[in-house]
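Summary of structural features
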Amino acid sequence: MKILKRTTAIACLVILMPFIADAQSSNFKLSGKIGNLNKPAMVYLDYMDNGKSHEDSTELVNGAFSFSGQIADIATARMALAPAGGGKQFAIYRGGDAIYFYFGKEQILMTSEDSLSNATITGSKTYDEFAAYTKTVGGSIMALTKAVNLDFASGTAEQQKDTNYIKAVDARFRRAIAARSEKQLKFAKDNPNSYFALVALSEAAGSKVDVAVVEPIFKALNPRFRQTDIGIELAQRIKAASTIVVGNQAPLFTQNDATGKPLSLAALKGKVILIDFWASWCAPCRAENPNLVKQYQLYKDKGFEILSVSLDSDKKNWTGAIQQDGMPWKHVSDLKGWNNAVGRLYGIRAVPACFLVDANGKIIATDVRGESLNVKLAEIFNK
């Protein structure tokens, strides 16, 4: 009997171990209740934790949903609701019920009668700090985008076709963004021990970093925040703004092509190279590709090469776009999206972006595309 009891106790312990391990592996929980929604209603969660992206989804049961996991530090998240199904892309872009927020190692509760957009969020000090920061700087970028869309929609059908009306709406939007950026810089300067000072500075710095303004504020931030992935990426951007300029050597790199074979920039030395940062989902990039095809055909036999670095995260989308657009030159990617190692090395925060490099590896032009690229290549090869 004693042996039986002991065996039973061991068996129970083994059964419980997965639950204990699961509890130990999770340090956050996001749960909520949106009305009384049921299948096919779905909630989708994407979050970035210290440079690593994660995604999850779940069905709603009587309005309830729950996500849990483990994060290293504060994570930035996007959550989207598809109340009648339709998939993730519908929930984010067409359904319009998506929220963006930050969370930490916390138990967070979201409740609403009808939507995520109207949800009350409790239990998260991180979210409370994020909300306060957002209010201080004049709203989120998503809120400003929504406002400009409403601004445009307020015009008559005739106005919406008028170039001057469109320019006026765009000008108001740009002034709002500029005002927000100034507030973000002030917030970052005044709150060096806030994680959102780093967030503010990173957003305000943008893709064209003003090193003289941004670097001193960055160096004054709490060292712990500077050592996060966002901090490291901003440091890379600051360095790139100072060093990856016309007249300097283009930083060398190696990344895999679509077959998994490593390809280095150094291996192309001796050619004039256009380092082209793009992505399959980038409409302006795709619109420029026919011109790149034409220029490549004109000058490839004279020593011109294109090395395209994709910021895609899905290989099928990447290779599919290469095939669809007929891009016969060299391509690389690590399929890490905006965290592409080469993109970070070059300080890329927006695509398309490009750098023209001479036969000795020196940068001779930046952000040349369309007619400006055509003129530059003609100058080089038609002497």
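Each remark here, short or long, concerns the structure printed above.
Structural notes, computed from the coordinates. (Residues numbered from 1 in each chain as written. Predicted model: local features only at pLDDT ≥ 70, side-chain atom pairs only at ≥ 80, totals over all residues. Heavy atoms only, no water.)

With that out of the way, let us pick up the packing of aromatic side chains. Tallied over the entire structure, the rule returns 23 aromatic pairs. Relative to F130, the ring of Y102 has its centre 5.2 Å away and its plane inclined at 55 degrees; by these criteria the two rings are tilted. Of this pair, Y102 sits in strand β6 (residues 98–103) while F130 sits in helix α3 (residues 125–136), placing them 28 residues apart in sequence. F130 carries the same exposure label as Y102, and that label is buried. Arranged with centres 6.1 Å apart and planes meeting at 45 degrees, the rings of F152 and Y165 form a pair that is tilted. Of this pair, F152 sits in helix α4 (residues 141–153) while Y165 sits in helix α5 (residues 163–190); the two residues are 13 residues apart in sequence, bridging distant segments of the chain. (Phe/Tyr/Trp six-rings, centres within 6.5 Å; stacked < 30°, edge-to-face > 60°. Helix = DSSP H or I, 4+ residues; strand = E, 2+ residues; numbered from the N terminus. Buried < 20%, exposed > 50% of the residue type's maximum accessible area, 1.4 Å probe, protein only.)

Here the second largest pocket is characterised by a volume of approximately 690 Å³. Looking at the second largest pocket, it is lined by 21 residues, and the ones nearest its centre are A98, I99, Y100, M142 and A143. Elements with a minimum of two residues in the lining of the second largest pocket: α2 (88–94), β6, α3 and α4. Counting residues per element, the lining of the second largest pocket draws most heavily on α4, at five residues. Residues from two domains meet in the lining of the second largest pocket; each of domain 1 (28–123) and domain 2 (144–243) gives at least three. (1 Å grid on protein atoms, 1.4 Å probe; cavity = no way out; pocket = protein on both sides within 12 Å on 5 of 7 lines; lining within 4 Å. Points joined across faces, edges and corners; volume = space filled by probe spheres on them. Domains from an automatic or database assignment.)

The full count for this structure, using the stated rule, is one disulfide. Here C282 engages in a disulfide with C285; their sulfurs sit 2.3 Å apart. Of note, the bridge from C282 to C285 carries an S-S torsion of about 80 degrees and is right-handed in sense. On the accessibility criterion, C282 (4% relative accessible area) is buried. The class of C285 is buried, set by a relative accessible area of 3%. (Disulfide = S-S within 2.5 Å.)

Residues spaced three or four apart along an α-helix point in a common direction, a consequence of the helix completing one turn every 3.6 residues. Listed in full, the buried residues belonging to helix α13 (residues 371–381) are L373, N374, L377 and F381. Buried positions in α13, seen along its axis, are confined to an arc of 100 degrees and lie on one side of it. If you follow the buried residues of α13, they end up packed against β11 (272–278), α10 (283–299), β12 (304–310) and β14 (353–357). (Arc of directions from axis to C-beta. Contact = heavy atoms within 4.5 Å.)

Residue position: N340 is located in the loop between β13 (330–332) and α12 (341–345). On the basis of relative accessible area, N340 is assigned to the buried category, the value being 0%. Polar contacts involving the side chain of N340 include one to the main-chain amide nitrogen of G343, which spans 3.1 Å. Excluding residues that lie within four positions of it along the chain, N340 makes contacts with Q255, V309, S310, L311, S333 and D334. (Polar contact = N/O pair within 3.5 Å; in protein donor to acceptor, adjacent residues only side chain to side chain.)

So, on to the sheet that holds strand β1 (residues 28–34). With mixed pairing, the four strands of this open sheet are ordered in space as β4-β1-β7-β8. The two strands at the open ends of the sheet, each matched to only one other strand, are β4 (64–69) and β8 (120–122). Direction aside, neighbouring strands of the sheet carry axes that sit 15 degrees apart on average. Summarising the sheet, β1 and β4 pair through six bridges and their orientation is antiparallel. Among the inter-strand pairings, K29 is bridged to a residue of β4, identified as S68. (Pairing = 2+ DSSP bridges. Axes fitted to C-alpha atoms, helices over the stretch in contact; angles between N-to-C directions.)

Keep in mind that these numbers describe shape and distance, not what the molecule does.
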